[in-house]
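If you want the building blocks of each chain, they are given just below.
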Amino acid sequence: MTVIYLNRTAVRLAAVAGVALTAWLADSAVAMHAEHTVAQKAKASSQLENTPNVYIGGVPFSLAALTKEIPYLEVNSSDVEVPKLGMVNASTTLRDITINPEQLFSGELEGSPVSTYTRSISLDGVALGRMLGITDLSIANPDNMSPTGGPSAEAELTGTLPGDTTKSTATVTLRLVGPEFRMSVYGTDDERLKKAFGLVLDTRQLPLPSQATSVKLHGGSITFEVQRRNITLKTAQ
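Thresholds applied
Residues numbered from 1 in each chain as written. Predicted model: local features only at pLDDT ≥ 70, side-chain atom pairs only at ≥ 80, totals over all residues. Heavy atoms only, no water. Helix = DSSP H or I, 4+ residues; strand = E, 2+ residues; numbered from the N terminus. Buried < 20%, exposed > 50% of the residue type's maximum accessible area, 1.4 Å probe, protein only. Areas by Shrake-Rupley, 256 points an atom, 1.4 Å probe, with all protein chains shown as cover. Phe/Tyr/Trp six-rings, centres within 6.5 Å; stacked < 30°, edge-to-face > 60°. Pairing = 2+ DSSP bridges. Axes fitted to C-alpha atoms, helices over the stretch in contact; angles between N-to-C directions. Contact = heavy atoms within 4.5 Å. Polar contact = N/O pair within 3.5 Å; in protein donor to acceptor, adjacent residues only side chain to side chain. Salt bridge = Lys/Arg side-chain N within 4 Å of Asp/Glu carboxyl O. Core = buried A, V, L, I, M, F, W, Y, C linked by side-chain atoms within 4.5 Å.

Asks: Mind showing me how you'd approach the overall build of the protein here?
Replies: Across its full length, the protein carries five helices and 12 strands. Within the protein, the fraction of its 237 residues that count as buried is 41%. Carbon together with sulfur atoms contributes 54% to the accessible area of the protein, which is approximately 13,600 Å² in total.

Asks: Please explain the packing of aromatic side chains as it appears in this structure.
Replies: Note on aromatic pairs: each is described by the distance of the centres and the angle between the planes. Summed over all chains, the structure comprises two aromatic pairs. An angle of 55° between the planes, with centres 6.2 Å apart, marks the rings of Tyr-55 and Tyr-72 as tilted. Of this pair, Tyr-55 sits in strand S1 (residues 53-57) while Tyr-72 sits in strand S2 (residues 69-82), and the two are 17 residues apart along the sequence. Residue classification places Tyr-55 among the partly exposed residues on the basis of a relative accessible area of 45%. According to the relative accessible area criterion, Tyr-72 is buried, its value standing at 19%.

Asks: Help me out: how do you make sense of the sheet that holds strand S8 (residues 168-177) in this one?
Replies: Across a sheet, strands are paired by hydrogen bonds formed along the backbone, either parallel or antiparallel in direction. In space, the five strands of this open sheet follow the order S5-S7-S8-S9-S10, with antiparallel pairing throughout. Two strands bound the open sheet, and with one partner strand each, they are strand S5 (138-140) and strand S10 (199-202). Here the strands of the sheet are splayed against their neighbours by 30° on average, with no regard to which way each runs. Both S8 and strand S9 (residues 180-186) contribute to a ladder of seven bridges, which runs antiparallel. Directly across from Thr-171, in S9, lies its bridge partner Tyr-186. Sheet strands in contact with helix H4 (residues 125-132) are S5, strand S7 (152-159), S9 and S10, and its direction is about 105° off that of S10.

Asks: Just checking my understanding: could you explain the side chain of Ser-115 for this structure?
Replies: You can see Ser-115 is positioned in strand S4 (residues 113-123). Within the structure, the side chain of Ser-115 is placed 3.1 Å from the side chain of Asp-96, a separation counted as a polar contact. Ignoring sequence-local partners within four residues, the contact set of Ser-115 consists of Arg-95, Asp-96, Arg-228, Arg-229 and Asn-230.

Asks: Whenever I open this one, the environment of Lys-195 confuses me. Can you help?
Replies: Along the chain, Lys-195 falls in helix H5 (residues 191-196). A C-alpha to C-alpha distance of 8.3 Å links Lys-195 and Val-185, two positions 10 residues apart in sequence.

Asks: What is the right way to look at H4 in this model?
Replies: When H4 is considered as a whole, its buried residues turn out to be Gly-125, Ala-127, Leu-128, Gly-129 and Leu-132. Looking at where H4 begins, the residue whose side-chain oxygen comes 3.1 Å from the main-chain nitrogen of Val-126 is Asp-124.

Asks: Quick question: what am I supposed to make of the pattern of salt bridges here?
Replies: Oppositely charged side chains can form a pair if their charged atoms are brought close together. Counted under the stated rule, the structure contains four salt bridges. We note a salt bridge from Arg-182 to Glu-180, for which the minimum N-O separation is 3.0 Å. A relative accessible area of 28% means that Glu-180 is categorised as partly exposed.

Asks: Whenever I open this one, the pairing of S2 confuses me. Can you help?
Replies: The side chains of a regular strand alternate, first on one face of the sheet and then on the other. One ladder, built from five bridges, connects S1 with S2; its direction is antiparallel. Bridging from a neighbouring strand, Ile-56 pairs with Leu-73 of S2. As defined by bridge partners, S2 adjoins strand S3 (residues 86-98) across 11 bridges and the pair is classed as antiparallel. The partner of Glu-74 across the bridge, within S3, is Thr-93. Between S2 and S3, which pair antiparallel and follow one another directly, the connecting turn spans three residues, one of which, Lys-84, has a positive phi of 75°.

Asks: I would appreciate a short explanation of the nonpolar core in the present structure.
Replies: Taken as a class, soluble globular proteins show a tendency for nonpolar side chains to be buried jointly. Counting residues in hydrophobic clusters, the biggest one holds 37 residues, and the most contacted among them are Met-183, Phe-197 and Phe-224. Looking at this core element by element, the count peaks at four residues for S8. Residues contacting Met-183, with those up to four places away along its chain left out, are Leu-128, Leu-132, Leu-157, Val-172, Thr-173, Leu-174, Phe-197, Gly-198, Leu-199 and Ile-222.

Interpretation in functional terms is not warranted from these geometric data alone.
Right under this line is the structure:
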């Protein structure tokens, strides 16, 4: 007969590991349920064709039942159809969401106070090119320039102007003046380039809750952003 001796310390460690794994799985299940609920509500309220990606920060997630606060929530929607713009990418970020335990486990966050709300819309070369009438437009950082954000930024645009057979390149400033976004060519006296790559847009026409407060160049896209503080969360936001 074979006798197997088990080390008590090893048994205890295995038991602790098993409990920890069970707790982690349970916590993950709660977080996934909340993320799924938020995603479905965002899809329905914004009439999106695709379900957005939702990430809720805070580990362990269930700890928020005691702290009564979710530190971070992000909703990302890709390929959102917007009239006159075509497909754009949208993102909403919430920080320091005050909740009660019932909201944590249900994922129903309507009416929760939020310390910082950020909504952004990104236009890639296809969307911006559609507005300019340039079908092969690409957007890049100017040489020796790092991406910046705020009321102004810069970008380098390249594309084939209508009637041309070769591509043209222009460096532009990206500025917010009140509710208007103004894109202007600089560094050249070529009036044709200035007209082709110039644009004035009322940011209140974008799918944002109000006029843009920041513009920046990021990852080959121009991003418009609105930030608010100390708001009450509504699904439509």
